Amino acid sequence: MNLSLYLLTVLIWGTTWIALKLQLGVVAIPVSIVYRFALAGLILFGILLLTRRLQPMNRRGHLVCLAQGFCLFCVNFMCFLTASQWVASGLIAVVFSTATLWNALNARIFFGQKIAANVLAGGAMGLVGLGLLFWPELSHHSASRETLYGLGLALLGTLCFSAGNMLSSMQQKAGLKPMTTNAWGMAYGASMLALYCLFSGIPFAMEWNTRYIGSLLYLVIPGSVIGFTAYLTLVGRMGPERAAYCTVLFPLVALNVSAYAEGYVWTAPALLGLVAVMAGNVLVFRKPKALASNRPLVPGRT
């Protein structure tokens, strides 16, 4: 089950960049995010009500969902999409992949979980691998004021993503399943962003064409309803630090799709980066061997 959820998340979120690219046009970015999560939340509520699996929540649960919606379905996306105006996509991918390390640190701070050395080593190796994959793009990027601003936003978005992971893990420890918390979180996140658009005077436009509607539906159903449910279920089952290694693998899927659709050419450094990323994946998921005791058993003692 873990492997299926992991591969599903990587494949879905590794291809959503195509749909995000097709969203650019008449509709403002914040409005597109509102449409995405408002529709995804409605679909989740519909599924839960029809199957009678919508879990009741107390005031604390709703407050945590409100915070999760703010971090994961609002600020996170606004930061990354705004940063993409000034920072190359490869650099954003490298910053986002630090979520593995941030999740390990936050799990230690909030839940007292021990930081596994193999997770840190694997996350660091994944970062090096992504650096090699995107080296041509990174080496030609000028260090301007806008670049630093974009990097700051990308880091803030990553921290919000990690905070959303911690909040989901907290909810699951309390017995609430990701489908219920995602439904409320998406509804809260879309509502907060909609209020921002209203106060900022951003018009709620719509493109009634196949390109925009098709990409929106892809982002709503596979990208949000399925993707976030699968990923946050992994957070509860495997721990936030291991689940977050998905963020290192997303660019690999994106580059393979780009090689097919846009003529991306694999180079020697990129292939070396691919090997480093996959080796990091092995390290992250390697189970530490139990230490066997060499002392003989004492009769009469358990």
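Everything that follows concerns the structure shown earlier in this document.
These notes cover the structure that comes with them. Quick caveat, the model's predicted, so the values are computed rather than measured. Every chain begins its residue count from 1, and numbering advances along the sequence as written. Totals for whole chains, interfaces and linings use every residue, but because this is a predicted model, local features are given only for residues with pLDDT of at least 70 and side-chain atom pairs only at 80 or more, for both listing and counting. Processing note: side-chain calculations cover all non-hydrogen atoms of the structure and skip hydrogens and water entirely.

1. What to know about helix α7 (residues 117-133)
- The end-to-end C-alpha distance of α7 is 24 Å, a good match for the 24 Å that 17 residues give at a rise of 1.5 Å each.
- Classification of residues uses two cut-offs on accessible area relative to the type maximum, computed with a 1.4 Å probe and protein chains only: under 20% is buried, over 50% is exposed, and between them is partly exposed. To qualify as a helix, a DSSP run of H or I must reach at least 4 residues; to qualify as a strand, a run of E must reach at least 2; elements of each kind are numbered from the N terminus. Along α7, the residues classified as buried are N118, V119, G122, G123, G126, L127, G129, L130, G131 and L133. Expected span of a helix: the number of residues minus one, times 1.5 Å.

2. Some words on the packing of helix α4 (residues 59-83) against helix α9 (residues 145-173)
- Between α4 and α9, the least distance of the axes is 8 Å, while the angle of their chain directions is 155 degrees. Between α4 and α9, the crossing angle belongs to the class labelled roughly antiparallel. When you trace α4 past α9, the crossing you get is left-handed.
- Looking at side-chain class alone, the contact of α4 with α9 contains 17 nonpolar, 11 polar and one charged residues. Lines fitted to C-alpha atoms define the axes, with helix axes restricted to the stretch in contact, and inter-axis angles between N-to-C directions lie between 0 and 180 degrees. Every angle not falling under 35 degrees, over 145, or within 65 to 115 is termed oblique; those three ranges are roughly parallel, roughly antiparallel and roughly perpendicular. Each helix crossing is assigned a hand: it is left-handed if the near helix lies turned anticlockwise from the far helix by less than a right angle, otherwise right-handed if that turn is clockwise. Charged residues are taken to be Asp, Glu, Lys and Arg, nonpolar residues to be Ala, Val, Leu, Ile, Met, Phe, Trp, Tyr, Cys and Pro, and polar residues to be all remaining types, Gly included.

3. Observations regarding the layout of surface pockets
- Here a cavity is any set of points on a 1 Å grid over the protein atoms alone where a 1.4 Å probe fits but cannot get out, and a pocket is any open set with protein on both sides within 12 Å along at least 5 of 7 lines; a residue lines the site when it has an atom within 4 Å of a point. Grid points are joined across faces, edges and corners, and a volume is the space filled by probe spheres set on the points. A volume near 1,300 Å³ is recorded for the largest pocket.
- For the lining of the largest pocket, the secondary-structure elements that each account for two or more residues are α2 (16-23), α3 (29-50), α4, α5 (89-96), α11 (210-238) and α13 (246-261).

4. Some remarks on unusual backbone geometry
- Phi is positive for R52, which is not a glycine, with a value near 55 degrees.
- Along the chain, the position of R52 falls in the loop between α3 and α4.
- On the accessibility criterion, R52 (79% relative accessible area) is exposed.

5. Description of empty space enclosed by the protein
- Scanning the entire structure with this criterion turns up one cavity of 30 Å³ or more.
- Reported here for the largest cavity is a volume of approximately 30 Å³.
- When residues in the lining of the largest cavity are grouped by element, the largest group, three residues, is from helix α6 (residues 99-111).

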